[in-house]
Amino acid sequence: MFTIQHYVQPETLEEAYQLLIAKRNNVILGGCAFLKMSKKKIGTAIDLSKLQLDFIHEKENTIEIGAMTTFRSLETNPCLNEYFNGIIPKSIKNIIGVQFRNIVTIGGTVYSRYGFSDLITALLALEVDVELYHGGVVPLEVFLKNGGTKDILVKVIVHKTNQSASYQMMRNSISDYPILAVAVSKKEDDWKIVIGARPRRAEIAVEASKYLTQNNIDETNIKQAANIAMEELAFGTNMRGQKNYREAIIAPLLKRGIVEVLR
Ligand SMILES: Cc1cc2nc3c(=O)[nH]c(=O)nc-3n(C[C@H](O)[C@H](O)[C@H](O)COP(=O)(O)OP(=O)(O)OC[C@H]3O[C@@H](n4cnc5c(N)ncnc54)[C@H](O)[C@@H]3O)c2cc1C
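Residues numbered from 1 in each chain as written. Predicted model: local features only at pLDDT ≥ 70, side-chain atom pairs only at ≥ 80, totals over all residues. Heavy atoms only, no water.

- Looking up the chain in an unreviewed UniProt entry gives the name CO or xanthine dehydrogenase, FAD-binding subunit, with the organism given as Natronincola ferrireducens.

Quick word on the site of the ligand
For step 1, the next point in the chain: The local shell around the ligand holds 34 residues, among which I28, C32, T105, T109 and D118 are the closest.
For step 2, the next point in the chain: Between the ligand and G31, the relevant distance is 2.7 Å, taken from an oxygen atom to a main-chain nitrogen or oxygen of the residue.
For step 3, the next point in the chain: In this structure, R171 approaches the ligand through a side-chain N or O atom, which is 2.9 Å from an oxygen atom.
For step 4, the next point in the chain: Coverage of the ligand by the protein amounts to 92% of the 960 Å² it exposes when considered alone.
For step 5, the next point in the chain: Listing elements by their share of the shell around the ligand, those giving two or more residues are strand 2 (27-29) and helix 6 (106-112).
For step 6, the next point in the chain: Of all the elements, helix 6 adds the most residues to the shell around the ligand, at five residues.
For step 7, the next point in the chain: Of the residues in the shell around the ligand, the class split is 21 nonpolar, eight polar and five charged. (Near = heavy atom within 4 Å. Polar contact = N/O pair within 3.5 Å; in protein donor to acceptor, adjacent residues only side chain to side chain. Areas by Shrake-Rupley, 256 points an atom, 1.4 Å probe, with all protein chains shown as cover. Helix = DSSP H or I, 4+ residues; strand = E, 2+ residues; numbered from the N terminus. Nonpolar A, V, L, I, M, F, W, Y, C, P; charged D, E, K, R; others polar.)

Notes on the pattern of salt bridges
For step 1, the next point in the chain: All told, the structure shown has 16 salt bridges when counted by the stated rule.
For step 2, the next point in the chain: One salt bridge in this structure joins K160 and E58, with 2.8 Å as the shortest N-O distance. One end of the pair, K160, is in the loop between strand 8 (153-159) and strand 9 (164-171); the other, E58, is in strand 4 (residues 56-58), with 102 residues separating them in the sequence.
For step 3, the next point in the chain: Between K187 and E127 there is a salt bridge whose closest N-O contact spans 3.0 Å. (Salt bridge = Lys/Arg side-chain N within 4 Å of Asp/Glu carboxyl O.)

Describing the sheet that holds strand 12 (residues 203-204)
For step 1, the next point in the chain: Spatially, the four strands line up as an open sheet ordered 9-10-11-12, and their pairing is antiparallel. Both edges of this open sheet fall to strand 9 and strand 12, since each of them pairs with a single strand only.
For step 2, the next point in the chain: Where strand 10 (residues 178-187) meets strand 11 (residues 190-196), seven bridges bridge the pair, whose relative direction is antiparallel. What sits directly across from V184, in strand 11, is I193. (Pairing = 2+ DSSP bridges.)

A look at the pairing of strand 9
Residues in a regular strand project their side chains so that they alternate between the two faces of the sheet.
For step 1, the next point in the chain: Bridge analysis of strand 9 against strand 10 gives eight bridges, and the strand direction is antiparallel. What sits directly across from M169, in strand 10, is A181.
For step 2, the next point in the chain: The antiparallel hairpin formed by strand 9 and strand 10 contains six residues in its connecting segment.

Considering the environment of E203
For step 1, the next point in the chain: By secondary structure assignment, the location of E203 is in strand 12.
For step 2, the next point in the chain: With 83 residues separating them along the chain, E203 and I120 place their C-alpha atoms 9.4 Å apart.
For step 3, the next point in the chain: Those residues in contact with E203 that sit more than four places away from it in its chain are L124, I193, V194, I195, R198 and L233.
For step 4, the next point in the chain: Side chain to side chain, E203 and R198 meet in a polar contact 3.1 Å long. (Contact = heavy atoms within 4.5 Å.)

A closer look at the side chain of R246
For step 1, the next point in the chain: Locating R246 in the fold gives a position in helix 11 (residues 243-248).
For step 2, the next point in the chain: Notably, R246 is buried but unbridged: the nearest opposite-charge side chain belongs to D176, and the N-O separation is 9.3 Å.
For step 3, the next point in the chain: In terms of polar contacts, R246 uses its side chain to reach the backbone carbonyl oxygen of A197, at 3.0 Å.
For step 4, the next point in the chain: When sequence neighbours within four positions are dropped, the list of residues in contact with R246 reads I179, L180, A197, R198, P199, F235, G236, T237, N238, R240 and G241. (Buried < 20%, exposed > 50% of the residue type's maximum accessible area, 1.4 Å probe, protein only. Lys, Arg positive; Asp, Glu negative; His and termini not counted.)

This is the structure in structure tokens:
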């Protein structure tokens, strides 16, 4: 369990940021589900609850999601259920249980860049930016690749494209971490394949996506796209699954995703 020396609820993002960078062991609190499992000795715990970051705003071209928005709010939001075949709510519905999803936040999740993240895999299949207080607006793909200078994730910006999308995963049991996560999207003729929980962080399989875009969608080409993804991305072994197993289930998950997108 973590320990906290000082607890603050800043009134502004600037105040929160100054506290965050003031000392190495000062941290932002999201829903604390992951933090609680650590043995961190936190100097100042910075609670963002007073900053009105718990929102989902549908704008003309985007859907903006505040950092303190819980998974349960994402899951039950009508707008997120309507867009992209509801890929965002679908990607998180198997995480532990409703009580848990009422606590964990999109900010804590995306900022932490977890390799096993169901949500990050799904978001990467869409056109998504993250807004950082200090670093400004950056594409999610770039944010995931960058190293971690201390910052505050303020919101996630989902662009309202006409993408159809699907999220597929394999788990040992419903409440366990995913063994492999595959998200697929199609915008006009362009396909995008994202693979997460390899067990590394989710990445776009660029060459496999190109292959799918340039060829007919049939059984053979789906298998070939899975093979290309296997070559271009690194897969590994952890306690949930072996490298070989992960590689073997790319094609079936990809096929399920493609079928759902084309339905
Ligand atoms: C037991 C357990 C099982 C899980 N299973 C799954 C699973 O199967 N699939 C899955 O995808 N996820 C899973 N998760 C992860 C979970 O879904 C959340 O992603 C995770 O708990 C982080 O969210 P949080 O709000 O709890 O963040 P916290 O624990 O509060 O914070 C996590 C980190 O992010 C930082 N942080 C928080 N908010 C911000 C912000 N706005 N800006 C900058 N930094 C910030 C914190 O300082 C901390 O370092 C699991 C977590 C737990 C504890």
